[in-house]
Amino acid sequence: MFAIIIAVAFLFLCVLGRLLYVQVIWGEDLQVKAIDQWTREIPVVASRGKIVDTNGVILADNDDTYTVFVRKRAVENTEKLCLALSEILEMDFDYVYNRLTTTVSSEVTIKKQVSKEKISRLLDGGYSGVYYSRDNSRTYPYNEFLTSVLGFTSTDGKGQSGLELYYDKYLSGIDGEILYETDIVGVEIDGGKASYKPATNGLNLKLTIDYDVQQLCESAMGQAMEIHSAKSAQMIVIDPKSGAIRALCTKPSFNLNDIPRDDLNALNSLGRNGIVCNIYEPGSTFKILTAAANIEEYLQGNKKAYSPSHVYSSSRYRYIDGQKVKCWSDHKNGKHAALTLQGGLNNSCNPIFVDIAMSLGKDTMYKYINLFNYGAVTGVDFAGEAQGMVLPVSAVQNVDLARIAFGQTIACTGLQLAAATSAAINGGNYYTPHLVEEIYTEDGLVVEKMQPKLKNKVISEKASKILSEMLEQVVAEGSGKQAYIEGYRVAGKTGTAQKYENGVIAHGKYVASFIGYFPANDPKYLALVIIDEPVGQYYGSLVAAPYAKQVFQGIIDIKGL
């Protein structure tokens, strides 16, 4: 009897334990399974957030489209339905028929991003087993405009590149759903109740980009590609006093409403943001850093720095570790006029900057390379930023230092150069460049506002002012004359760099560039133009500077400056 009582008690405890486990521990999961078994859900897709420029011009929007799917067990006549779907949705009959007859899933997605007109035709047919849910087709009102910055989304509406990818968690929103009561095979029950869980729409992005300035850059770079038969043409316009990017254009590109998804090589190449993600040897535009370092060190009393009025040797050659470094200009007897730093900038004379770098030494030069953030990402709000290439200071030989002084043996992105130059001429303040101004709801409530981020001080305000006055003279009377605008204080520096392939100079291949800004005494717009492999003329002064002038003149006219 005792054994029987123990056995019964044990069995009773087992049943009780199982009951507690099913109801308490497992209960929630079972409820979910029961709801899933006796209901069918239709997703309610959240609207993706819009992207607008700094003035509210819509750059990325949505079209209301729909996803069509079929619950196979609720279909009365499969062949008739397949005929209707293939005709209305313009699909292959065999494909639709195979989807409905061979797939294991009880619910089959037929097609996404179907227009409202086609959905209306399906509704008029009253076909059983066919369901619809709203999805969103991403649209870009200006087609091939700001392509490499905006990026694009997948067919499922997820960000795949550019700002669409970087800010995807803000733009995406949270999907909802509608639940219908059905029988065990998925047929909707007459009189059954439906429950609705609303979607939370994505947040909107307001960019620092100015549509008008971007349009000027798009036009200018399109012309540059055509006139110079260049491999690529790129331009960035930035506010030097905040790091706000007003325009960023890369050519060639593609229409964001006709994405070449079937050609991945073309998609990756044309969609790549070269200003942010590609590196190149900046050439003479880098002399701005060398000049800034010399001026700042002179003001600090460094005896190795040259006075701005110092007259350099008239020889157009310098010999460093047995290697000859020469000036680009061709003069008889290997000499040109004796020049000061101003003359060196005006004429872009390499030997003068070699003298500066060799006198300051690699430790001092590298101090400024680091201060100006070369060899490191700027921190821009964009995925895939390159950090450039800077030799470790321990590996630098004298001849390397000599070439670094005028922009060779060092590589950077266009964005790094624009941000560094901004710091050199805005009073010495390095601001982190950024593309988004604020994030806000569809009701206009600002969720997050991006403030200018001061990274560090690079040079003193006095040194910055002296440098800017010199760069203004480069445009007024030096190699940057093609960017001069009568009555406006434009400053800048040209650059022409030879390209390397497989470690050797690629003859006949150059990168022509110009970086300039205005007004020189109170800079508000700084522009960098990079023309890769122009055919024919290749000097930055002739190929790149005129397009900076074109954009600056456009800004003056549009803004009424």
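Residues numbered from 1 in each chain as written. Predicted model: local features only at pLDDT ≥ 70, side-chain atom pairs only at ≥ 80, totals over all residues. Heavy atoms only, no water.

Honestly, the packing of helix H12 (residues 287–299) against helix H18 (residues 461–477) in this entry has me stumped. Any pointers?
For any two helices packed against each other, one specifies the crossing angle of their axes together with the interaxial distance. Two numbers describe how H12 lies on H18: the axes approach to 9 Å, and their chain directions differ by 135°. Here H18 runs oblique to H12, going by the angle between their axes. Crossing handedness for the pair H12 and H18: right-handed. Touching Ile288, Ala291, Ala292, Ile295, Glu296 and Leu299 of H12 are Lys462, Ala463, Ile466, Leu467, Met470 and Leu471, all from H18. Within the contact of H12 with H18, the residues separate by chemical class into 10 nonpolar, no polar and 2 charged. (Axes fitted to C-alpha atoms, helices over the stretch in contact; angles between N-to-C directions. Helix = DSSP H or I, 4+ residues; strand = E, 2+ residues; numbered from the N terminus. Parallel < 35°, antiparallel > 145°, perpendicular 65-115°, else oblique. Left-handed = near helix turned anticlockwise from the far one by under 90°. Contact = heavy atoms within 4.5 Å. Nonpolar A, V, L, I, M, F, W, Y, C, P; charged D, E, K, R; others polar.)

Quick question: what am I supposed to make of the nonpolar core here?
Where a protein is soluble and globular, its nonpolar side chains tend to be buried together. Core analysis: the largest hydrophobic core is formed by 90 residues, its most contacted members being Leu207, Ile245, Phe372, Tyr374 and Leu467. At 8 residues, the largest contribution of residues to this core is made by helix H17 (residues 414–425). Residue contacts for phenylalanine 372: discarding those within four places in its chain leaves Leu289, Ala292, Ala420, Ala423, Ala424, Tyr430, Val458 and Ile459. By size, the runner-up hydrophobic cluster in this structure holds 32 residues, among which are Ala220, Ala230, Ala247 and Ile485. (Core = buried A, V, L, I, M, F, W, Y, C linked by side-chain atoms within 4.5 Å. Buried < 20%, exposed > 50% of the residue type's maximum accessible area, 1.4 Å probe, protein only.)

Teacher, can you tell me more about a nonpolar patch on the surface here?
Among the surface-exposed residues, Phe12, Leu13, Leu16, Leu19, Leu20, Tyr21, Val24 and Ile25 lie close enough to one another that they form a single nonpolar patch of about 810 Å² accessible area. Here phenylalanine 12 lies in helix H1 (residues 2–25). (Patch = residues over 30% accessible without salt bridge, like charges linked within 9 Å, V, L, I, M, F, W, Y side chains within 5 Å. Areas by Shrake-Rupley, 256 points an atom, 1.4 Å probe, with all protein chains shown as cover. Salt bridge = Lys/Arg side-chain N within 4 Å of Asp/Glu carboxyl O.)

Any chance you could explain the pattern of salt bridges here in plain terms?
Opposite charge on two side chains permits them to pair, given that their charged atoms come into close proximity. Under the defined criterion, the tally for this structure stands at 18 salt bridges. Among the ionic pairs, lysine 118 bridges to glutamate 90, the shortest N-O distance being 3.7 Å. One end of the pair, lysine 118, is in helix H5 (residues 116–125); the other, glutamate 90, is in the loop between helix H3 (78–88) and helix H4 (93–102), with 28 residues separating them in the sequence. Judged by relative accessible area, glutamate 90 falls into the exposed class, the value being 63%. Through salt bridges with shared partners, a single ionic network connects Arg48, Arg138, Glu164 and Asp168.

Could you clarify how one ought to interpret the sheet that holds strand E9 (residues 232–238) in this entry?
In any sheet, the strands associate via hydrogen bonds between backbone groups, in a parallel or an antiparallel arrangement. Spatial strand order, E10-E9-E21-E20-E19: 5 strands in an open sheet with antiparallel pairing. The two strands at the open ends of the sheet, each matched to only one other strand, are strand E10 (245–251) and strand E19 (491–501). With direction set aside, neighbouring strand axes in the sheet form an average angle of 10°. Summarising the sheet, E9 and E10 pair through 6 bridges and their orientation is antiparallel. Its bridge partner lying in E10, methionine 235 is registered against cysteine 249. Across the sheet, H18 touches E19 and strand E20 (504–518), and the angle it forms with E19 is around 75°. Running over the sheet, helix H20 (residues 545–559) touches E9, E20 and strand E21 (525–532) and is turned about 25° from E20. (Pairing = 2+ DSSP bridges.)

Looking at this model, I keep getting lost on the packing of aromatic side chains. Mind explaining?
Two descriptors summarise a pair of aromatic rings, namely the distance from one centre to the other and the angle between the planes of the rings. This structure, assessed with the given rule, holds 15 aromatic pairs. Pairing phenylalanine 69 with tyrosine 131 gives two aromatic rings, centres 6.2 Å apart and planes at 15°, and the pair type is stacked. Here tyrosine 131 lies in strand E5 (residues 130–139) and phenylalanine 69 lies in strand E3 (residues 58–71), a separation of 62 residues in the sequence. An angle of 5° between the planes, with centres 3.8 Å apart, marks the rings of tyrosine 510 and tyrosine 538 as stacked. Taken together, the residues span a long stretch of sequence, with tyrosine 510 in strand E20 and tyrosine 538 in the loop between E21 and helix H19 (540–543) at a distance of 28 residues. Judged by relative accessible area, tyrosine 510 falls into the buried class, the value being 15%. Every member of this aromatic cluster is reached through a ring pair, and the members are Tyr142, Phe145 and Tyr211. The cationic tip of arginine 71 hangs over the ring face of tyrosine 131; the distance from NZ or CZ to the ring centre is 4.0 Å. Sitting over the face of the ring of tyrosine 317, lysine 324 holds its NZ or CZ atom 4.5 Å from the ring centroid. (Phe/Tyr/Trp six-rings, centres within 6.5 Å; stacked < 30°, edge-to-face > 60°. Lys NZ or Arg CZ within 6 Å of the ring centre and 35° of its normal.)

Just to check I follow, could you spell out the environment of glycine 173 for this structure?
Structurally, the position occupied by glycine 173 is in the loop between helix H8 (168–171) and strand E6 (176–181). Taking the C-alpha atoms as reference, glycine 173 lies 52 Å from glutamine 473; in sequence the two are 300 residues apart. If near-sequence neighbours (up to four positions away) are discounted, glycine 173 is found in contact with Ala46, Thr200, Asn201 and Gly202.

Explain empty space enclosed by the protein to me, please; I cannot follow it from the model alone.
Where empty space is left becomes clear once a probe the size of a water molecule has been rolled over the atoms. Considering all chains together, one arrives at 4 cavities of 30 Å³ or more under this definition. In this structure, the largest cavity occupies an estimated 50 Å³ of space. Per-element accounting of the lining of the largest cavity gives the leading share, 4 residues, to H17. The residue makeup of the lining of the largest cavity, split by class, is 8 nonpolar, 2 polar and no charged. (1 Å grid on protein atoms, 1.4 Å probe; cavity = no way out; pocket = protein on both sides within 12 Å on 5 of 7 lines; lining within 4 Å. Points joined across faces, edges and corners; volume = space filled by probe spheres on them.)

Please clarify how H18 should be interpreted in this entry.
For H18, spanning 17 residues, the distance from its first C-alpha to its last is 24 Å, which sits close to the expected 24 Å at 1.5 Å a residue. Turning to H18, its buried residues number three or more, namely Ala463, Ser464, Leu467, Ser468, Met470, Leu471, Glu472, Val474 and Val475. (Expected span 1.5 Å × (residues − 1).)

What exactly am I supposed to notice about unusual backbone geometry here?
What is expected of a backbone is that most residues other than glycine have negative phi and most peptide bonds are trans. With omega at 0°, the peptide bond leading from lysine 251 into proline 252 counts as cis. Omega for the bond connecting phenylalanine 518 with proline 519 falls within 30 degrees of zero, at -15°, which places this linkage in the cis form. Mapped onto the secondary structure, proline 519 falls in the loop between E20 and E21. The backbone phi angle of glutamine 113 is positive, close to 55°, even though this residue is not glycine. Residue classification places glutamine 113 among the partly exposed positions, given a relative accessible area of 34%. Phi is positive for aspartate 321, close to 50°, though the residue is something other than glycine. Positionally, aspartate 321 belongs in the loop between strand E11 (317–320) and strand E12 (323–326).

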